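Each chain, written out:
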Amino acid sequence: MHLPTVHHWIITLRWEVAGTPVRRTVEGTVLIEPGQTRQEAYRQLVAAAADQVGAAESAVEFFALEPDQL
């Protein structure tokens, strides 16, 4: 039986506010369930990060997802 694993993620988003470019990096941890794909995690995390920074439409400049355990 496989258990969920904790992963650390970092995302840098870029968007514009009144014509001015804005860039913001956010990070955190997430539980990845057995069988969950990297694409599913990416989509979930990008949506959460965009919501966190208030960027309705943004471009991803950087994305990293790695197991949190060293």
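Quick notes on the rules
Residues numbered from 1 in each chain as written. Predicted model: local features only at pLDDT ≥ 70, side-chain atom pairs only at ≥ 80, totals over all residues. Heavy atoms only, no water. Helix = DSSP H or I, 4+ residues; strand = E, 2+ residues; numbered from the N terminus. Buried < 20%, exposed > 50% of the residue type's maximum accessible area, 1.4 Å probe, protein only. Contact = heavy atoms within 4.5 Å. Core = buried A, V, L, I, M, F, W, Y, C linked by side-chain atoms within 4.5 Å.

**Student:** How should I be thinking about the environment of Val22 in this particular structure?
**Tutor:** By secondary structure assignment, the location of Val22 is in strand E2 (residues 20–32). Residue class for Val22 comes out partly exposed when judged on its relative accessible area of 25%. As for Val22 and Phe62, which are separated by 40 residues in sequence, their C-alpha atoms are 14 Å apart. Beyond its immediate chain neighbours, meaning those up to four positions away, Val22 contacts Leu13, Arg14, Trp15 and Val17.

**Student:** How should the nonpolar core be read in this particular structure?
**Tutor:** The tendency in soluble globular proteins is for nonpolar side chains to be buried side by side. Among the nonpolar cores identified, the biggest contains 16 residues, and Trp9, Ile11, Leu13, Leu45 and Leu65 are the most heavily contacted of them. Among the secondary structure elements, those contributing two or more residues to this core are strand E1 (5–17), E2, helix H1 (38–53) and strand E3 (59–67). If you tally residues by element for this core, the top one is H1, at 6 residues. Contact partners of Trp9, with chain neighbours within four places excluded, come to Val26, Glu27, Gly28, Thr29, Val30, Leu45, Ala49, Ala64 and Leu65.

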